[in-house]
Amino acid sequence: GLRAALELAAEVGLDVSKFIQRFTDGTAETKFREDLETSKRYRVRGFPAFLVKYGEKQVLLNGYQSFASIKAVINSLAGDLIKGSVPEKT
């Protein structure tokens, strides 16, 4: 129920007041239904699923993927146009 959702939201560090607002004003439900429609459109059948898009090209990856696998898909779609970088540790 809502209590469990609030506990989970707080546990993962969400702003609980914003969570409550979006939960009660219908925003969360609207976004959830949009996600369901996207899942149906792409025939997603499991969790997790990753839709990688670049321009008009796209690839749907089902199931758990390694970083190397996701990077390979990005490179296959974008070629040399996207360069990776290692973020500064903070």
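Located above this text is the structure these notes cover.
Please read all numbers here as calculations on a predicted model, not as lab measurements. (Residues numbered from 1 in each chain as written. Predicted model: local features only at pLDDT ≥ 70, side-chain atom pairs only at ≥ 80, totals over all residues. Heavy atoms only, no water.)

Enquirer: Hey, could you run me through unusual backbone geometry in this one?
Expert: A negative phi holds for most residues other than glycine; trans holds for most peptide bonds. The residue after F47, namely P48, is reached through a cis peptide bond having omega -5°. Among the secondary structure elements, P48 is positioned in the loop between α3 (27-41) and β1 (49-54). Despite not being glycine, R43 shows a phi value in the positive range, around 55°. (Helix = DSSP H or I, 4+ residues; strand = E, 2+ residues; numbered from the N terminus.)

Enquirer: Just checking my understanding: could you explain α3 for this structure?
Expert: Side chains that are three or four residues apart share a direction in an α-helix, a result of its 3.6 residues per turn. Taking 1.5 Å of rise per residue, 15 residues should cover 21 Å, and α3 covers 21 Å from first to last C-alpha, within 8% of that figure. With its phi angle positive at about 55°, R43 sits one or two positions after the end of α3. (Expected span 1.5 Å × (residues − 1).)

Enquirer: Looking at this structure, I do not really get the packing of aromatic side chains. What am I missing?
Expert: Given two aromatic rings, one states the distance between the centres and the angle between the planes to describe the pair. Across all of its chains, the model carries one aromatic pair by this definition. Each ring, one from F19 and one from F23, has its centre 6.0 Å from the other, and the planes form 20°; the classification is stacked. Here F19 pairs with F23, and both are found in helix α2 (residues 16-24), just four residues apart, close to one helical turn. (Phe/Tyr/Trp six-rings, centres within 6.5 Å; stacked < 30°, edge-to-face > 60°.)

Enquirer: Just to check I follow, could you spell out the pairing of β1 for this structure?
Expert: Look at any regular strand and the pattern is simple: side chains alternate between the two faces of the sheet. Sheet topology note: the β1/strand β2 (residues 57-62) ladder contains six bridges and is antiparallel. Pairing of A49 across the sheet is with N62, part of β2. With antiparallel pairing between neighbouring strands as the criterion, β1 and β2 make up a hairpin whose turn holds two residues, including G55 at a positive phi of roughly 60°. (Pairing = 2+ DSSP bridges.)

Enquirer: It is not clear to me how the environment of V44 should be interpreted in this structure. Could you clarify?
Expert: Note that V44 resides in the loop between α3 and β1. Of the residues examined, V44 reaches a relative accessible area of 22% and is grouped as partly exposed. In this structure the C-alpha to C-alpha distance between V44 and L61, which are 17 residues apart in sequence, comes to 9.2 Å. Apart from the residues within four sequence positions on either side, V44 is in contact with S39, A49 and L60. (Buried < 20%, exposed > 50% of the residue type's maximum accessible area, 1.4 Å probe, protein only. Contact = heavy atoms within 4.5 Å.)

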